[in-house]
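Fold and contact review
The residues making up each chain are set out below.
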Amino acid sequence: MAGFAKSFILILTVSAGFLAVLWRDTFDSELLSGAHVLLTGASQGIGEQMAYHYAKFGAELVITARNETRLKQVKEKCLELGAKKVYLVPADMAIPKNAEMVMQFTLDKLGSLDYLVLNHIGYDPFQMWTGDAELTSWLMQVNFLSYVQLTAAALPTLIKSNGSIIVVSSLCGKVAIPYAASYSASKFALNGFFSSLRHELAMQGRDVSVTLCILGLIDTQSSQEKIKARNMPPMIFYPAPETALAIIKGGATRAQEIYYPWWVAIIVGVQDWFPAMRDKMIHSYFQ
Ligand SMILES: NC(=O)c1ccc[n+]([C@@H]2O[C@H](COP(=O)([O-])OP(=O)(O)OC[C@H]3O[C@@H](n4cnc5c(N)ncnc54)[C@H](OP(=O)(O)O)[C@@H]3O)[C@@H](O)[C@H]2O)c1
Ligand SMILES: *[C@@H]1O[C@H](CO)[C@@H](O)[C@H](O)[C@H]1NC(C)=O
Ligand SMILES: *[C@@H]1O[C@H](CO)[C@@H](O)[C@H](O)[C@H]1NC(C)=O
């Protein structure tokens, strides 16, 4: 037992050192001055906070989501923060052809694209799957297929600009938990699709980076409301502005994956070591 504990601590120490080297901050905000960015899910939550960071760094932005009123408010604040240009385009990503429309709007306004930031999600309650396959299908369109449709429309211009795709995902896209069957499916799908695409781009000599962002619990209003609706043990929510900055840095440094908070990486790394124990812990935690 002592031997096991010792080797476990050794592995943790070595991986912490390795990660520290891997995650040294090479971010230069100058890179983002004048960069052309299309940002989805920008009307609230983490997307809204990303809009403000990009604005401060002097990027030229197209922001999208469904709620035009809120997009206008975000645009105003971006301009106050120093954004050079901000355009908004209301669009519902449940409708497949809107991806092409949003991308065409972006090219009309900005002329080219450096960052495609895919962040929006459709609303789905944190509860057991009710057998509603329609809802799962709708969520797959909003959370996954629209990301693919936007990528299809953006790739030609991203290839020309040696641009970047940033995909906002979740711990639920790497580790399965209850009450999130459809959400989890859409996030696992993103992992599979975009990790495969990253290989293909590299094999074709295309310098388009793909950054997958694995997030823990973040203190957005929607996330807090969903968790509150369940009787859960107290949880730590991490702040959306810091999360937004970590995502932007990951994209700008062309990282393959980022984990926020950092310890999320450890859960992903060790989850399959003791599956029976893991499942017992999950079941008692999510009682
Ligand atoms: N918050 C967390 O705890 C957490 C944890 C892990 C991962 N994440 C990931 O982080 C990202 C952002 O999460 P968040 O908590 O910031 O979400 P949020 O606050 O609920 O914001 C979601 C955004 O998506 C937009 N949206 C919703 N339905 C849409 C539709 N049908 N078409 C187009 N846009 C739509 C919303 O605007 P409109 O309503 O105006 O359309 C809003 O701007 C997501 O990818 C999420 O999976 C979050
Ligand atoms: C859009 O956002 C505004 C401001 O938060 C809110 O008052 C309004 O109800 C929202 N509209 C829709 C259709 O959700
Ligand atoms: C993209 O990268 C290639 C090779 O690395 C380079 O030749 C080309 O000039 C770059 N294009 C732009 C727009 O930066």
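Residues numbered from 1 in each chain as written. Chains lettered and ligands numbered in written order. Predicted model: local features only at pLDDT ≥ 70, side-chain atom pairs only at ≥ 80, totals over all residues. Heavy atoms only, no water.

**As for the sheet that holds strand β6 (residues 209–215)**
Defined as follows: One bridge is not enough; two strands pair if DSSP finds at least two bridges between them. Strands are runs of DSSP state E lasting at least two residues, helices are runs of H or I lasting at least four, and both sets are numbered from the N terminus onward. Here, axes are lines fitted to C-alpha atoms. For helices the fit covers the stretch in contact, and angles between N-to-C directions go from 0 to 180 degrees. Whether two residues touch is decided by their heavy atoms; if any such pair falls within 4.5 Å, the residues are in contact.
Read from one edge to the other, the open sheet built from seven strands follows the order β3-β2-β1-β4-β5-β6-β7, with strand pairing classed as parallel. Only two strands of the sheet have a single neighbouring strand rather than two, namely β3 (85–90) and β7 (257–260). Each strand axis lies, on average, 15° off the axis of its neighbour in the sheet, ignoring direction. The pairing of strand β4 (residues 115–118) with strand β5 (residues 164–170) spans four bridges and is parallel. If you follow Leu116 over to β5, its bridge partner there is Ile165. Against the sheet, helix α5 (residues 133–161) touches β1 (36–40), β4 and β5, its axis set at about 175° to β4.

**Quick notes on the pattern of salt bridges**
Rule in force here: By definition, a salt bridge exists where a carboxyl oxygen of Asp or Glu is found within 4 Å of a side-chain nitrogen of Lys or Arg. Burial classes follow relative accessibility: with a 1.4 Å probe on protein chains only, a residue under 20% of its type's maximum area counts as buried, one over 50% as exposed, and anything between as partly exposed.
Tallied over the full model, the rule gives six salt bridges. Of the charged contacts in the structure, one is a salt bridge between Asp207 and Arg254, with a shortest N-O distance of 3.4 Å. With Asp207 in the loop between α6 (181–203) and β6 and Arg254 in the loop between α8 (240–252) and β7, this residue pair connects regions lying 47 residues apart in the sequence. Asp272 is paired through a salt bridge with Arg278; the nearest N and O atoms lie 3.0 Å apart. Classification of Arg278 as partly exposed rests on a relative accessible area of 23%. What you see here is one network of salt bridges that share partners, running through Asp272, Arg278 and Asp279.

**A short note on the side chain of Ser146**
This is how it is decided: Polar contact is the term for a pair of N or O atoms within 3.5 Å; when the atoms are in protein, one must be able to donate a hydrogen and the other to accept it, and sequence-neighboring residues count only if both atoms are side-chain atoms.
Its location among the elements puts Ser146 in helix α5. According to the relative accessible area criterion, Ser146 is buried, its value standing at 0%. A polar atom in the side chain of Ser146 sits 2.7 Å from the backbone oxygen of Val142. In this view, Ser146 contacts Met93, Ala99, His120 and Gln141; residues no more than four positions away in its chain are not counted.

**A closer look at the site of ligand 1**
Quick note on the threshold: The near set for a molecule or strand comprises every residue that places at least one heavy atom within 4 Å of it. Shrake-Rupley sampling with a 1.4 Å probe provides the accessible areas, and residues are treated as covered by the protein chains on show and by no other component. Following the grouping adopted for this structure description, the nonpolar residues are Ala, Val, Leu, Ile, Met, Phe, Trp, Tyr, Cys and Pro, the charged ones are Asp, Glu, Lys and Arg, and the polar ones are all others, Gly among them.
Within the structure, ligand 1 sits among 30 residues, and Ser43, Arg66, Tyr183, Thr220 and Ser222 are positioned closest to it. One nitrogen or oxygen atom from the main chain of Asn119 is found 2.9 Å from an oxygen atom belonging to ligand 1. A distance of 2.7 Å separates an oxygen atom of ligand 1 from a polar side-chain atom of Ser222. Burial of ligand 1 by the protein amounts to 94% of the accessible area it has alone, namely 890 Å². When contributions to the shell around ligand 1 are tallied by element, the ones reaching two or more residues are α2 (45–56), α5, β5, α6 and α7 (221–228). In terms of residue count, β5 provides more of the shell around ligand 1 than any other element does, three residues in total. Classifying every residue of the shell around ligand 1 by side-chain character gives 13 nonpolar, 14 polar and three charged.

**Quick look at the packing of aromatic side chains**
The following threshold applies: Ring pairs shown here join Phe, Tyr and Trp side chains whose ring centres sit within 6.5 Å, with only the six-membered ring taken for Trp; geometry is labelled stacked below 30 degrees between planes, edge-to-face above 60, and tilted in between. Charge-over-ring placement is defined geometrically: NZ (Lys) or CZ (Arg) within 6 Å of the ring centre, and within 35 degrees of the ring normal.
Taken as a whole and judged by the stated rule, the model has ten aromatic pairs. A ring pair is formed by Phe144 and Phe193, whose centres lie 6.2 Å apart and whose planes are at 75°; its orientation type is edge-to-face. Placement of the pair is Phe144 in helix α5 and Phe193 in helix α6, with a sequence separation of 49 residues. Given the relative accessible area of 30%, Phe193 is considered partly exposed. Taken together, a centroid distance of 6.4 Å and an interplanar angle of 65° make the contact between Tyr179 and Phe286 edge-to-face. Here Tyr179, found in the loop between β5 and α6, pairs with Phe286, found in the segment after α10 (275–285); they are 107 residues apart in sequence, far enough to count as distant. By the burial criterion, Tyr179 is buried, and Phe286 matches it. Each residue in the set Phe126, Tyr179, Tyr285 and Phe286 is aromatic and connected to the rest through ring pairs, giving one cluster. Stacked on the ring of Tyr179, the Lys or Arg Arg230 has its end atom at 3.8 Å from the ring centre.

**Observations regarding the packing of helix α4 (residues 98–110) against α5**
In a packed pair of helices, the relevant descriptors are the angle between the two axes and the axis-to-axis distance. Convention followed: Each crossing is labelled by how the near helix is turned from the far one, with a counterclockwise turn of less than a right angle marking it left-handed and a clockwise turn marking it right-handed.
Two elements in contact, α4 and α5, have axes separated by 8 Å at closest approach and are oriented at 35°. Read as a crossing pair, α4 and α5 show a hand that is right-handed. Between α4, through Ala99, Glu100, Val102, Met103 and Leu107, and α5, the contact on the second element is made entirely by Ser146, Gln149, Leu150, Ala153, Ala154 and Thr157.

**Examining a nonpolar patch on the surface**
Using the following cut-off: By definition, no residue in a patch forms a salt bridge, and every one has over 30% relative accessible area; like charges are joined within 9 Å, nonpolar side chains (Val, Leu, Ile, Met, Phe, Trp, Tyr) within 5 Å.
On the surface, a cluster of nonpolar side chains totalling about 360 Å² of accessible area is made up of Trp262, Trp263, Ile266 and Ile267. As for its position among the elements, Trp263 is in the loop between β7 and α9 (264–270).

Read these as spatial facts, not as claims about activity.
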